[in-house]
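# Structure at a glance
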Protein chains: 2
Amino acid sequence: MTSHVDESGSQPTPTLGATRIRSSVFRNKVTSAAQAVEFIHPHDTVAISGFASAGTPKAIIPALADRIHAVRGAGSNFTINLLTGASVSAGTERLLAEVDGISLRMPYQSEPTARRSINTGRMDYVDIHLSHVAQQVWEGYYGNVDVAVVEVAGVTENGELIPSASIGNNKTWLDVADKVILEVNSWVPEAMSGIHDVYYGTALPPYRKPIQITAVEDRIGQPTLRVDPNKVVAVVETDARDSASPLTPPDEISQAIAAHVLDFFEYEVSKGRLPADGLLPLQSGIGNVANAVLQGLDAGPHKGLTCFSEVIQDGMLHLIKHGTVRYASATSLALSEAGIDELVSNIDFYRKHIVLRPQEISNHPEIVRRLGIIAMNGMLEADIYGNVNSTHVMGTRIMNGIGGSGDFARNGYLSMFLSPSTAKGGAISSIVPMVPHVDHTEHDVQVLVTEQGLADLRGLSPRKRSRVVIDKCAHPDFRGMLLDYVDRAEHSPSSGHTPHLLGEALSFHQRFEETGTMRRN
Amino acid sequence: MTSHVDESGSQPTPTLGATRIRSSVFRNKVTSAAQAVEFIHPHDTVAISGFASAGTPKAIIPALADRIHAVRGAGSNFTINLLTGASVSAGTERLLAEVDGISLRMPYQSEPTARRSINTGRMDYVDIHLSHVAQQVWEGYYGNVDVAVVEVAGVTENGELIPSASIGNNKTWLDVADKVILEVNSWVPEAMSGIHDVYYGTALPPYRKPIQITAVEDRIGQPTLRVDPNKVVAVVETDARDSASPLTPPDEISQAIAAHVLDFFEYEVSKGRLPADGLLPLQSGIGNVANAVLQGLDAGPHKGLTCFSEVIQDGMLHLIKHGTVRYASATSLALSEAGIDELVSNIDFYRKHIVLRPQEISNHPEIVRRLGIIAMNGMLEADIYGNVNSTHVMGTRIMNGIGGSGDFARNGYLSMFLSPSTAKGGAISSIVPMVPHVDHTEHDVQVLVTEQGLADLRGLSPRKRSRVVIDKCAHPDFRGMLLDYVDRAEHSPSSGHTPHLLGEALSFHQRFEETGTMRRN
């Protein structure tokens with residue numbers, strides 16, 4: 001295995017960033033990535049920065065993977081427990097998975113090599129709500145955090161840290177870790193400073209206070225992160241850039257899903273259930289469907305909308321520029337190269353319309369409930385009664401993780417789950433009799449949307465829900481099979497409030513595992 | 001069908017309570033229950049007071065059941081949609097179910113006749129988180145609320161309402177209903193006035209503000225409920241008493257479960273994860289296991305504990321009297337006759353140690369998260385990966401409902417689910433390969449407890465969880481079957497992060513349905 005470079009291919013160039021470290025205490029700790037990772041030991045719990053494609057340490061993790069690989073080559077074992085904000089840059093996740101360097105991973109991943117290690121049982125994975133990470137680490141569920149590795153945009157004269165393009169759990173990592181390694185990235189535009197709002201008022205119970213945010217744009221913290229300089233064991237300089245894949249234009253299916261969502265908003269406005277002036281703050285997952293919804297909003301009647309979500313992608317910049325979105329709150333700026341260029345070129349403008357917060361605030365149940373978030377998240381599949389599987393293919397193989405979807409779906413004002421009605425070229429129906437893994441229960445799912453239509457489950461009993469879900473959301477090729485199931489389930493003598501035939505409830509999935517399709521031959 | 005009496009058997013005696021109505025505006029509206037129910041029409045949505053055994057209207061609902069029965073006898077249909085706080089007194093629930101008077105029921109029930117109607121599909125039932133009820137009704141999910149029927153302890157000179165022994169959703173019902181019928185119950189001790197804290201600061205988004213509760217005992221509202229007198233169409237007087245069944249002394253199984261819980265608290269204190277001084281606020285469901293935990297705490301080292309829960313039962317009064325519990329917050333005083341006598345005899349003392357709140361506050365995600373609640377709830381069954389079924393027997397027949405368990409489990413600090421390891425004389429294992437209905441997902445369940453032991457799932461991947469759950473919680477008679485399942489699932493080529501064999505995942509339940517036992521013959 002050769003030495004790793006960061007994702008964009010550029011080597012760290014330590015000299016370039018020297019002016020970003022304005023505190024001599026920190027300047028005196030500058031070292032190479034290879035030397036810095038000597039502070040990381042086998043079995044350490046290592047907490048790193050990074051949320052989606054933004055803010056992952058770019059020099060230290062490749063150096064750590066090299067070190068693990070070398071130690072392995074010398075016949076010793078070397079694994080760490082890896083804690084992050086959410087997913088980190090795919091290259092970084094892959095490097096550590098390839099050298100089998102992770103024994104336990106928390107709280108989210110979305111990378112194929114890591115996924116394979118998890119599904120084969122070589123890597124332990126704990127898939128938890130993103131709003132729960134900080135409190136669970138503080139409480140000690142994951143033992144001691146030995147090392148934090150955090151990318152920052154700079155260090156001020158008095159030793160405060162200017163965050164980079166994501167905040168995630170960085171505040172918590174810096175607070176709880178025994179040792180801190182900083183990566184000072186001079187590529188991060190200095191002008192981004194001030195876009196962040198780091199709240200230092202959280203605590204463990206019984207010392208918690210109300211978090212005084214009452215609007216998406218409220219700032220209650222400070223623009224910098226704090227760290228005890230005595231804990232900082234190394235500072236590494238880099239100028240490597242973040243980069244998300246550019247979004248592909250929405251396809252027909254995504255556009256159809258988006259159209260149903262937008263119609264629904266207008267319907268809710270007409271019924272007086274959503275404010276005509278600005279709706280309520282929108283949360284949406286990432287990916288093509290979410291992007292199509294945003295594009296649809298951009299073409300629609302609403303101006304001055306707000307978003308309260310985890311990640312800001314390229315599309316959001318356009319919406320802000322057009323005035324469709326007045327303000328967006330997130331914890332990560334996961335932009336493509338073009339998006340980053342747009343942001344940097346107009347940073348004074350965007351700084352007035354964007355705030356980045358720690359994920360314990362961006363996903364906090366208190367704030368999500370108070371602001372009345374409209375939660376729109378993707379799913380793998382839903383069952384006819386409205387239970388949603390977001391994570392496990394065929395009930396056993398993890399895809400990514402629950403991420404923040406539960407934080408928003410449970411505590412938000414309106415909880416919507418979106419998916420194409422089929423997958424794998426039509427072999428898989430996204431509407432099934434019973435999901436073999438539940439991430440969002442019937443109690444938390446109010447609206448299901450596929451390109452076929454929108455099922456409004458609010459106020460409906462399970463027997464009523466099943467008809468609406470099949471009628472509105474199932475692909476026509478699967479409707480007959482689903483109706484046949486529910487008819488027979490309802491007439492079964494053992495049937496109750498939620499009719500099921502236990503011997504057939506998972507038959508769609510069994511058929512797929514056996515024949516490669518959920519369709520009957 | 002003969003005329004109904006309230007549960008305690010006493011007839012309403014209108015004259016007795018006259019002095020409780022100190023406003024002449026309201027006194028002028030006094031009428032009989034039979035006349036009052038003339039304001040309730042077929043297809044109306046009727047929202048009534050009541051949470052557990054406390055605070056259900058005692059004269060009007062029996063009169064309504066009579067009316068429905070009479071209209072039916074005359075050949076017309078008469079059903080209502082019934083909204084409550086949670087369960088209401090069993091007699092009341094039964095009366096309406098017996099006359100098939102309910103077309104839609106929300107949000108919780110626990111009564112056999114109603115349960116039968118729901119499971120056979122004659123009654124629609126929407127089973128939602130108790131903290132979501134008020135906002136969903138405000139938002140209009142359940143259409144217009146035509147009539148509120150609310151029991152109160154009295155009406156003040158200026159027309160404010162003194163709540164009775166539960167608050168539940170009464171504030172919301174009085175606010176949203178077109179018409180209000182009050183039942184003024186002179187049996188409710190007048191001295192109870194002042195125990196209530198009704199918060200009038202809630203709103204629909206975007207107008208929500210932080211709820212400024214930072215400790216269990218904080219009072220942020222007023223002792224009375226408000227109502228627009230122009231909406232009050234009738235006032236009915238009664239003196240019928242509440243009464244919960246007395247708690248039976250904990251059996252061996254409950255005591256064993258409680259002992260594991262109490263050991264766990266000490267372990268957590270020793271690890272510095274729970275404050276030695278007062279732990280954190282305790283929430284517990286109702287029933288024998290919860291009662292055993294409380295009794296165990298009473299015999300333990302802790303004094304000055306706090307409880308933040310839904311219901312206060314008899315056991316809590318003892319704990320308060322002994323100083324074990326310093327303060328208890330709830331939305332309902334569901335006491336037996338003896339418990340009520342104890343409360344009333346020492347009301348000045350208990351008023352300093354108990355607060356009753358609306359359920360939108362007692363269960364509010366914001367407060368549950370902030371206070372750091374230790375959530376202890378019962379369950380029907382859990383699977384080896386930590387998913388919990390609280391509601392559906394064999395995945396299809398509803399038992400009661402999710403109630404507030406999700407409010408506390410999701411947003412609390414520590415989430416525990418408790419159950420005996422077997423049911424039906426050992427025919428049912430409470431630990432199964434896959435639960436056929438999920439109310440609490442693997443992401444929300446941290447600790448499982450049976451009389452066999454306690455499984456601490458925090459920080460464990462699914463493959464590690466399954467071993468701990470089987471080893472600690474499963475009944476020895478079922479351990480072999482469960483281990484055999486998980487072994488084969490882990491070695492299946494299609495297996496992943498959460499190993500399952502789809503063809504066998506529900507086999508325990510199928511066997512029970514076919515043979516009457518989960519055991520192999």
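Rules used throughout
- Within each chain, residues carry numbers counting from 1 in the order of the written sequence.
- All chains are assigned letters beginning at A, and all ligands numbers beginning at 1, according to the order in which they are written.
- Note on the predicted model: pLDDT of at least 70 is required for a residue's local features to be given, and 80 or more for side-chain atom pairs to be given and counted; whole-chain, interface and lining totals, by contrast, use all residues.
- Water and hydrogen atoms were dropped before computing side-chain values, which therefore reflect all heavy atoms in the structure.
- UniProt positions are given in the numbering used here, feature names are shortened, and annotations may be inferred rather than shown by experiment.
- In what follows, salt bridge is the name for a side-chain nitrogen of Lys or Arg lying within 4 Å of a carboxyl oxygen of Asp or Glu.
- Starting at the N terminus, helices and strands are each numbered in turn, a helix being any DSSP run of H or I of at least four residues and a strand any DSSP run of E of at least two.
- Burial classification: accessible surface area is computed with a 1.4 Å probe over protein chains only, and a residue below 20% of its type maximum counts as buried, one above 50% as exposed, and the rest as partly exposed.
- Any pair of Phe, Tyr and Trp rings, taking the six-membered ring for Trp, is counted once the centres come within 6.5 Å. Such a pair is stacked with planes under 30 degrees apart, edge-to-face with planes over 60 apart, and tilted for the rest.
- An automatic or database domain assignment supplies the residue ranges for each domain.
- Simply put, the buried area is the total loss of 1.4 Å probe accessible area from both parts when two parts are fitted together.
- Pairs of residues are marked as contacts when any of their non-hydrogen atoms sit within 4.5 Å.
- In protein, a polar contact requires one atom able to donate a hydrogen and another able to accept it; more generally it is a pair of N or O atoms within 3.5 Å, and residues adjacent in sequence count only if both atoms are side-chain atoms.
- Nonpolar residues are Ala, Val, Leu, Ile, Met, Phe, Trp, Tyr, Cys and Pro. Charged residues are Asp, Glu, Lys and Arg, and all others, Gly as well, are polar.

You'll find chain A entered in an unreviewed UniProt entry as Acetyl-CoA hydrolase/transferase, with Rhodococcus hoagii given as the organism. The UniProt entry for chain A carries the following comment under Sequence similarities (unreviewed entry): "Belongs to the acetyl-CoA hydrolase/transferase family."

### Thoughts on the pattern of salt bridges
Applying the stated rule across the entire model yields 64 salt bridges over all chains. Between R370 of chain B and E366 of chain A there is a salt bridge, with the nearest N and O atoms lying 3.0 Å from each other. Taken as a pair, R370 of chain B in helix α14 (residues 365–371) and E366 of chain A in helix α14 (residues 365–371) lie in two separate chains rather than in one. Assigned by exposure class, R370 of chain B and E366 of chain A land together as buried.

### Notes on the packing of aromatic side chains
This structure, assessed with the given rule, holds six aromatic pairs over all chains. An angle of 40° between the planes, with centres 6.4 Å apart, marks the rings of F478 of chain A and F508 of chain A as tilted. Linking F478 of chain A in helix α17 (residues 476–491) with F508 of chain A in helix α18 (residues 507–515), this pair joins segments that are 30 residues apart in sequence. Each member of the pair, F478 of chain A as well as F508 of chain A, is classed as buried. With a centroid separation of 6.5 Å and an interplanar angle of 40°, the aromatic rings of Y141 of chain B and Y142 of chain B are classed as tilted.

### Concerning the domain arrangement of chain A
All names here are of chain A. Taken domain by domain, chain A comprises domain 1 (24–238) and domain 2 (252–515). Spacing between the C-alpha centres of domain 1 and domain 2 amounts to 29 Å. Here domain 1 and domain 2 share an interface that buries about 3,800 Å² over both sides, 60% of which is from carbon and sulfur atoms. Summed over the three residues of domain 1 that lose the most area to domain 2, namely I195, I211 and V216, the buried surface amounts to 18% of that side.

### Notes on the interface of chain A and chain B
Residue-level contacts link 86 residues of chain A with 86 residues of chain B. Of the roughly 7,200 Å² buried where chain A meets chain B, counting both sides, 49% is carbon and sulfur surface. Three residues stand out in chain A for area buried against chain B, namely R369, R410 and H443 of chain A, and they jointly supply 12% of the buried area on that side. On the surface where chain A and chain B come into contact, there are six salt bridges. Across the pair E139 of chain A and R458 of chain B runs a salt bridge, and its minimum N-O distance is 3.8 Å. Viewed at the interface, chain B and chain A are joined by 44 residue pairs in polar contact (both at pLDDT 80 or more). Every element with two or more residues in the side of chain A that touches chain B is listed here: α5 (112–119), β4 (124–125), α6 (133–139), α14, β19 (397–398), α15 (405–411), α16 (462–473) and α18 of chain A. Taken together, the residues of the side of chain A that touches chain B break down into 30 nonpolar, 36 polar and 20 charged.

### Re the UniProt feature "binding site: CoA" (unreviewed entry) in chain A
All names here are of chain A. Per the UniProt record, "binding site: CoA" (unreviewed entry) is annotated on G285, I286, G287, N288, V289, N400, G404 and K424. Across 140 residues, the annotated set is spatially dispersed, with a maximum C-alpha separation of 25.6 Å. Within the fold, V289 resides in helix α9 (residues 288–298). Given a relative accessible area of 16%, V289 falls into the buried group. Once residues within four sequence positions are removed from consideration, V289 is found in contact with S254, I257 and L418. Structurally, the position occupied by G404 is in the loop between β19 and α15. Residue class for G404 comes out buried when judged on its relative accessible area of 4%. Ignoring any residue separated from it by four or fewer positions in sequence, one finds G404 in contact with L130, E310 and N363.

### What to know about unusual backbone geometry
Geometrically, the link from M106 of chain B to P107 of chain B is a cis peptide bond, its omega value of 0° lying close to zero. Look at H43 of chain A: it is not a glycine, yet its phi comes out positive at around 75°. Within the secondary structure, H43 of chain A is located in the loop between α2 (33–36) and β1 (45–48). Residue M394 of chain A is not a glycine yet carries a positive backbone phi of 55°. Looking at where M394 of chain A falls in the secondary structure, it is placed in the loop between β18 (392–393) and β19. On the accessibility criterion, M394 of chain A (4% relative accessible area) is buried.

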